[in-house]
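The residues making up each chain are set out below.
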Amino acid sequence: MERFNSNKGGHINSAYDSNLDEPPVYEETNDDHRTVRPSVISAFGHDTLDRVPHIDFYRNAGSMSGHRAVRPSLQELHDVFQKNGVISVPDTLEDDGERSSGTPSDDLESAAPTDDMKGMVKFGWIRGVLVRCMLNIWGVMLFIRLSWVFGQAGWGLGIVIIALSCVVTTITGISMSAICTNGVVRGGGAYYMISRSLGPEFGGSIGLIFAFANAVGVSMYVVGFAETVVDLLKENSAIMVDEMNDIRIIGCITIVLLLGISVAGMEWEAKAQIILLVILLVAIVNVFVGTVIPATNEKKAQGFFNYRSKIFLENFTPAFRDGETFFSVFAIFFPAATGILAGANISGDLRDAQAALPKGTLLAILITGLTYLAMALCVAATVVRDATGNSSSIINHTTPVICNGSTAVACELGYDFSSCEVEKCKFGLMNNFQVMTLVSGFGPLIIAGTFSATLSSALASLVSAPKVFQALCKDNIYRALHFFAKGHGKNNEPIRGYVLTFIISVAFILIGDLNTIAPIISNFFLASYALINFSCFHASYAKSPGWRPAYKYYNMWLSLMGALLCCVVMFVINWWAALLTYGIEFLLYIYVTVKKPDVNWGSSTQAVTFVSAVSNALSLSGVEDHVKNFRPQILVLTGSTRSRPALLDLAHSFSKNYGLCITCEVFVGPRSETVDEMNNAMEKNQLLLKKKKRKAFYAAVACDNFREGAESLLQASGLGRMKPNTLMIGFKKNWRTAGAEAVQSYVGILHDAFDFEYGTAMLRVNQGLDVSHIVEAEEEMLRAAKEQEALENEMMPNGGKGKGLFRKSRKSSQQVLTTRVSVCGSPPPQVAKMNEKLVEASLQFKKKQPKGTIDVWWLFDDGGLTLLLPYILTTRKKWKDCKMRIFMAGQPGRSDLDKEEMKGLLKKFRINCSDINVFDDLHIKPRSESLKELQEMIEPFRLHEGSKDADQIRAFIYCLNNTTKLNPVLKEQCLTYLFTLLTPCRSMPIARKETISDFLYMAWLDILTKDLPPTLLIRGNHKSVLTFYS
């Protein structure tokens, strides 16, 4: 055994001659941005074309830098010595610049560092995620409505409300953590995660409404700020116009200031958020400090008594009033928890989004949840539910007072609030929204905290909406919105998105009733949460090997529960808003599905589709075939998908969306020469099928001859029960000049189909089927035109760049171009006219068929395929105006009886036809001119009299005579019909192997279908495909 020295790289085997096995010589091309080791001598001790693992090999092919590193292909490694040991392998692959959707791939992690990128502002998990999420979750609810929630629900159910909200947001945070750690996260936040997980249909629908929700959320938060300012103006008699218009004026001024901060850049916005956070934290601490400061008589009259166990116990039970319920109170509180995506929305501006988002988001949920709970319990232990606010409510011990009801605790503490049971009071947890100001140590700090909470939430939404919207527009899912994809500055700021968000926010401040639209916005956020949870569940359920999140503390069923909880909460908040949200999302989903954006993000939807397909195929394999479920599964030998469009269109009419259709191509030649061409054709032809909206698969094989390739396709195509049962092939029009080998190969395929028990259908169109020479000419002209454009761009003063294929090719000359154009020149008029007729004939099955008949010559029973295929055509939309006529052979003297029997059989099969014709004279000798035509056709292939096969030829001529008699009858029946599809069983006779000459068999088929309209010759496999049993 040979051994290698790992330290010095020397070969130890003394019998080894290094001159006999020199390493291949290869050329290396260098890239300006990154260096890739051209060889691994230091690792293995000898030069090799293989590369060691490197991150650049795994980047997207179309990165923003336009390059990625490529490893040698398997063919290059495998064939290196067959190519004289010389091979050129580039270090980088250049993007062709022609993305299907017209959008850049935005592969940020592979972009080359530029001077602008070096100045980009990137945030860590604290400033980028934790601070933003806390500021967004700590909203006005903290200071305005939290006390009312615990007054209505009591602190027992109040804890349940906060806990339930935290459960929903925590599960969503866990699901988001799993998704964002399953690969690089770029800009777009929730939209990016949902679209890359569930696909563009879900992502595009939720992305648009999520961006809109953030834009309207700006106006809601700003109006909350403006209302607080107007209340202060009202207290000081400083109203400018009236309350409503003052709110509008202050709101518009505030949005302009916030827009200025946002447009100034993320760094300024982050500094503003820090200032607002400090103010908010001081206000929160102020509340806790105030609860331990001894209460004054004025505060006691308003219901604040410091910490009292009696108050705490009294406030434990719920006391719902004014028609409120647990669910209505929960619906009011829950929107306060909808800020958990504030950090994710700026994912493109995070230094390490995969590490920052899980840590920052979950910690923010924990901190804010504990803060809400702590502040709520503090006020529940210090403030009674009802208080008059009058100092005269102090109980005079000389006058006895009966203490009962909700005011019993206050009575025991020396205050008589019994009047609150008769009429509504203005103070206490149930009545006063400024309880936090009452409890705090310094009231103005609570106002400052309210300002901070509203402005920070507004600022976060003002930044989030354009960022998400920009990511949506970059993906070009909604082409009309691509204008907003452009970014500006070092951080690629969406200035156009900022302006649009500003316009939407101002519009809702000026004309919108925010109390009505608030439930819709909350439902928009919840719909995003639901899809994030479902994305995590869906990806886990698919069990794709690509689903490998670094965050392991998730559970697919927990994520599913989170998604269901979000949907339930949507209806709890507002049922009509939930239905409206679902309706809008469904319409957007349908729109994106219909538009079919040409993107492929490896979504879990694709993975689940694959899993379902495998599962269904396996289930189907365990079920025995039944005649009632028979449907033609077509294997059609079209060659390239553009070579024989008529054959493909007719085959697709049979299978449509309900059966299997495989278009096949055989690459003939040595495998080493054809395998590259075959591999390149696979994806190209499948994309062409998709573009032409043909629900079919493309399959190709490389073989030394055509028959071997077709035989391989007949045997190996399909999967389990999902395999072809019908071969469809075009008639070989040039059989008389093609040569013996070609004819033998063609007829041999028919023999193979019969051997493998395939049903067989052969299409003949007089003009022919093959348009490959026209397609090649068009492609050559297109290539010449593109090269002309590339040459013109090269000669431009600015050295314009070519695109696509011609970006690499810089050596094309005008002489080469002239040669190509001359080759693609106009053909002679006669050839051009023939090509025009050929193209017209090749497209005849693509368009809607006019009124006419499909003539079915059901002469012999082949299992019913001859009748079933025409019937299937009549069920298709393009063929719905065509009727079936049945022609059959009958015995002389009993034509009427044969007709009645056929009518009864068709009735049992539930197949309608316009007419049934019985021919009882097919045995009569044909006309002399027909026989002469037949004799001339087969004369070149006949043997001389006296040879050993002469008797065989005479017997065969008898069969041909019958065929010759049938052809004029077929022509006669076709004269008065616009289109006639002929399917006589005699037209596809079974030539016995090693008995009938291949040329004579082709003559048989030719004479039967000569000079007829498009004709389909069918032979079933003699197994029933029709039944009249239920």
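Everything numeric in this text was worked out from a predicted model, so none of it was measured.

Draft legend 1. Region of interest: the overall build of the protein chain. For the protein chain, the count of helices and strands is 33 helices and 13 strands. Out of the 1030 residues in the protein chain, the part that is buried amounts to 50%. Look at the contacts in the protein chain between residues 6 or more apart in sequence, and 79% of them connect residues 24 or more apart. When the accessible area of the protein chain is evaluated, it comes to approximately 50,200 Å², of which 58% is carbon and sulfur surface.

Draft legend 2. Fine view of the environment of valine 222. Here valine 222 is to be found in helix H7 (residues 200-235). Judged by its relative accessible area of 0%, valine 222 falls in the buried class. A C-alpha to C-alpha distance of 8.8 Å links valine 222 and serine 457, two positions 235 residues apart in sequence. If we ignore the near neighbours within four places in the chain, the residues touching valine 222 are Gly251, Thr254, Ile255, Leu258, Ala458 and Ile509.

Draft legend 3. Inspection of a positive patch on the surface at higher detail. On the surface, Lys596, Lys690, Lys693 and Lys695 cluster together into a positively charged patch. Owing to a relative accessible area of 58%, lysine 690 belongs among the exposed residues under this scheme.

Draft legend 4. A look at unusual backbone geometry. Although it is not a glycine, lysine 543 sits at a positive phi angle of roughly 50°. Here the phi dihedral of lysine 656 falls at roughly 45°; this positive angle occurs in a residue that is not glycine. Counting through the fold element by element, lysine 656 comes out in the loop between helix H22 (645-655) and strand E6 (661-668). Judged by its relative accessible area of 28%, lysine 656 falls in the partly exposed class.

Draft legend 5. Region of the structure containing a nonpolar patch on the surface. There is a patch of nonpolar side chains on the surface, built from Phe571, Trp575, Trp576, Leu579, Leu580 and Tyr582 and spanning about 590 Å² of accessible area. Considering every element that reaches the nonpolar patch, the biggest residue donor is helix H20 (residues 575-595), with 5 residues. Mapping phenylalanine 571 onto the fold places it in helix H19 (residues 556-573). For phenylalanine 571, a relative accessible area of 37% gives the class partly exposed.

Draft legend 6. Seen up close, the packing of H22 against helix H29 (residues 865-874). Across the interface, H22 lies against H29 with an axial gap of 8 Å and an inter-helix angle of 90°. In terms of orientation, H22 and H29 fall into the roughly perpendicular class. For the pair H22 and H29, the contacting residues are Leu650, Ser653 and Phe654 in the first and Leu869, Ile872 and Leu873 in the second. For the contact of H22 with H29, the class distribution of residues is 5 nonpolar, 1 polar and no charged.

Draft legend 7. Focus on the sheet that holds strand E10 (residues 852-857). Strands sit in the order E10-E11-E12 across an open sheet of 3 strands; the sheet is parallel. This sheet does not close on itself; its edge strands, each paired only once, are E10 and strand E12 (915-919). Strand-to-strand twist in this sheet, taken as the mean axis angle between neighbours without regard to direction, amounts to 25°. The sheet contact formed by strand E11 (residues 882-889) and E12 spans 5 bridges and is parallel. Of the residues in E12, the one forming a bridge with phenylalanine 887 is asparagine 917. Sitting on the sheet, H29 touches E10 and E11, and the angle it makes with E10 is about 165°.

Draft legend 8. Just the sheet that holds strand E7 (residues 697-703), in detail. Pairing is mixed in the open sheet, where 6 strands are placed in the order E7-E6-E5-E8-E9-E13. On the outer flanks of this sheet lie E7 and strand E13 (1015-1019), each paired with one strand and no other. Neighbour-to-neighbour, the strand axes of the sheet open up by a mean angle of 20°, direction not taken into account. Here strand E5 (residues 634-637) runs beside E6; their pairing, made up of 4 bridges, is parallel. Each bridged residue has a counterpart across the sheet, and for leucine 635 the counterpart in E6 is isoleucine 662. Those strands touched by helix H23 (residues 671-691) are E6 and E7, and its axis lies near 170° from that of E7.

Draft legend 9. The pairing of strand E9 (residues 759-764), seen in detail. For E9, the buried fraction is high: 6 of the 6 residues fall into the buried class. The two faces of E9 match: Gly759, Ala761 and Leu763 on one face and Thr760, Met762 and Arg764 on the other face are all buried. The pairing of strand E8 (residues 726-730) with E9 spans 5 bridges and is parallel. Looking at the pairing, leucine 727 lines up with threonine 760 of E9.

Draft legend 10. Looking closely at helix H25 (residues 740-755). With 16 residues, H25 ought to run about 22 Å at 1.5 Å a step, and its terminal C-alpha atoms sit 22 Å apart, in line with that. Considered for burial, the residues of H25 that qualify are Val743, Ser745, Tyr746, Val747, Gly748, Ile749, Leu750, His751, Asp752, Ala753 and Phe754. Of the surrounding elements, those touching the buried residues of H25 are E5, helix H24 (706-716), E8, E9, helix H33 (998-1009) and E13. Looking one or two residues beyond H25, the residue adopting positive phi is glutamate 757, at roughly 60°.

Draft legend 11. Layout of the side chain of serine 177. Within the secondary structure, serine 177 is located in helix H5 (residues 146-180). The class for serine 177 is buried, based on a relative accessible area of 0%. Here the side chain of serine 177 touches glycine 173 through a polar contact of 2.7 Å, landing on its backbone oxygen. Beyond its immediate chain neighbours, meaning those up to four positions away, serine 177 contacts Pro358, Leu362 and Tyr551.

Draft legend 12. Focus on the packing of aromatic side chains. Scanning the model with the defined rule gives 26 aromatic pairs in all. Their ring planes at 70° and their centres at 5.9 Å tell us that phenylalanine 212 and phenylalanine 508 sit as a pair that is edge-to-face. Of this pair, phenylalanine 212 sits in helix H7 while phenylalanine 508 sits in helix H17 (residues 495-511); the two residues are 296 residues apart in sequence, bridging distant segments of the chain. With 6.1 Å between their ring centres and 25° between their planes, phenylalanine 845 and tryptophan 879 make a pair best called stacked. One end of the pair, phenylalanine 845, is in the loop between helix H28 (829-842) and E10; the other, tryptophan 879, is in the loop between H29 and E11, and 34 residues separate them in sequence. Of the residues examined, phenylalanine 845 reaches a relative accessible area of 1% and is grouped as buried.

Draft legend 13. Here's a closer look at the nonpolar core. One finds Phe143, Leu146, Leu341 and Tyr372 to be the most contacted residues of the largest nonpolar core, which totals 132 residues. The contacts of leucine 341, once residues within four sequence positions are left out, are Met176, Ala190, Phe210, Tyr529 and Ile532. Among the nonpolar cores identified, the runner-up in size contains 47 residues, and Ala651, Phe667, Met728 and Ile854 belong to it.

Draft legend 14. Just the side chain of threonine 371, in detail. Counting through the fold element by element, threonine 371 comes out in helix H13 (residues 353-382). Beyond its immediate sequence surroundings of up to four residues, threonine 371 is in contact with Trp138, Leu142 and Ile284.

Draft legend 15. Seen up close, the pattern of salt bridges. Taken as a whole, this structure holds 20 salt bridges when the rule is applied. The closest approach of N and O atoms between aspartate 752 and arginine 707, which form a salt bridge, is 3.0 Å. Of the two residues, aspartate 752 sits in helix H25 while arginine 707 sits in helix H24, which places them 45 residues apart along the sequence. The structure contains a network of salt bridges with shared partners spanning Arg642, Lys684, Glu778 and Glu779.

Draft legend 16. How the structure looks around the pairing of E6. For E6, the tally of buried residues reaches 7 of 8 residues, placing the bulk of the element in the interior. With respect to chirality, the unit in which E5 leads through H22 into the neighbouring parallel E6 is right-handed. Two strands pair when backbone bridges link them, and E6 and E7 are joined in this way by 7 bridges, in the parallel orientation. The partner of glutamate 665 across the bridge, within E7, is alanine 700. At this point the chain moves from E6, through H23, to the parallel E7, and the crossover so formed is right-handed.

Draft legend 17. Inspection of the packing of H7 against helix H8 (residues 243-264) at higher detail. Across the interface, H7 lies against H8 with an axial gap of 8 Å and an inter-helix angle of 125°. One finds that H7 runs oblique with respect to H8. Seen along the crossing, H7 lies across H8 with a hand that is right-handed. Along its contact with H7, which presents Val218, Val222, Val223, Phe225, Ala226, Glu227, Val229, Val230, Leu233 and Lys234, the element H8 presents Glu243, Asp246, Ile247, Ile250, Gly251, Thr254, Ile255 and Leu258. Per-class residue counts for the contact of H7 with H8 are 12 nonpolar, 2 polar and 4 charged.

Draft legend 18. Highlighting the environment of leucine 648. In this fold, leucine 648 is placed in helix H22. Residue leucine 648 is classed as buried on the basis of its relative accessible area of 0%.

Calculation notes
Per chain, the residues get numbers from 1 upward, laid out in the order the sequence is written. Whole-chain, interface and lining totals are the exception, using all residues; otherwise, since this is a predicted model, local features are given only for residues with pLDDT of at least 70 and side-chain atom pairs are given and counted only at 80 or more. Based on all heavy atoms of the structure, the side-chain values leave hydrogens and waters out of the count. Each helix corresponds to a stretch of at least 4 residues labelled H or I by DSSP, and each strand to a stretch of at least 2 residues labelled E; elements are numbered beginning at the N terminus. Think of it in three bands: with a 1.4 Å probe and only protein chains considered, a residue is buried below 20% of the maximum accessible area for its type, exposed above 50%, and partly exposed in between. Residue contacts follow a heavy-atom distance rule, with two residues in contact if any of their heavy atoms lie within 4.5 Å. Reported accessibility uses the Shrake-Rupley method at a 1.4 Å probe radius. Residues are deemed covered only where the shown protein chains occlude them. Candidate patch residues must exceed 30% relative accessible area and have no salt bridge, after which like charges are joined if within 9 Å and Val, Leu, Ile, Met, Phe, Trp or Tyr side chains if within 5 Å. Each salt bridge in this description consists of a side-chain nitrogen of Lys or Arg and a carboxyl oxygen of Asp or Glu lying within 4 Å of one another. The convention is simple: Lys and Arg are positive, Asp and Glu are negative, and His and the chain ends are not counted. For this purpose, a charge sits on NZ of Lys, CZ of Arg, CG of Asp or CD of Glu. Note on method: axes are straight lines fitted to C-alpha atoms, helices fitted across the in-contact stretch only, with angles between N-to-C directions ranging 0 to 180 degrees. Working rule for angles: under 35 degrees goes down as roughly parallel, over 145 as roughly antiparallel, 65 to 115 as roughly perpendicular, anything else as oblique. Classes in brief: Ala, Val, Leu, Ile, Met, Phe, Trp, Tyr, Cys and Pro nonpolar; Asp, Glu, Lys and Arg charged; the others, Gly included, polar. At least two bridges found by DSSP between two strands are what make those strands a pair. Expected helix span is computed as 1.5 Å times (number of residues minus one). Think of a polar contact as two N or O atoms within 3.5 Å of one another; within protein, one of them needs to be a possible hydrogen donor and the other a possible acceptor, and neighboring residues in sequence only count if both atoms come from side chains. Stacked, tilted and edge-to-face are the three classes assigned to paired rings of Phe, Tyr and Trp, where Trp is represented by its six-membered ring and a pair needs centres within 6.5 Å; plane angles under 30 degrees give stacked, over 60 edge-to-face, the rest tilted. In plain words, nonpolar cores are sets of buried Ala, Val, Leu, Ile, Met, Phe, Trp, Tyr and Cys residues tied together by side-chain atoms within 4.5 Å. Throughout, right-handed denotes a crossover for which the path from the first strand over the helix to the second runs clockwise when the strands point away from the viewer. Left-handed describes a crossing in which the near helix is turned anticlockwise from the far one by less than a right angle; the clockwise case is right-handed.

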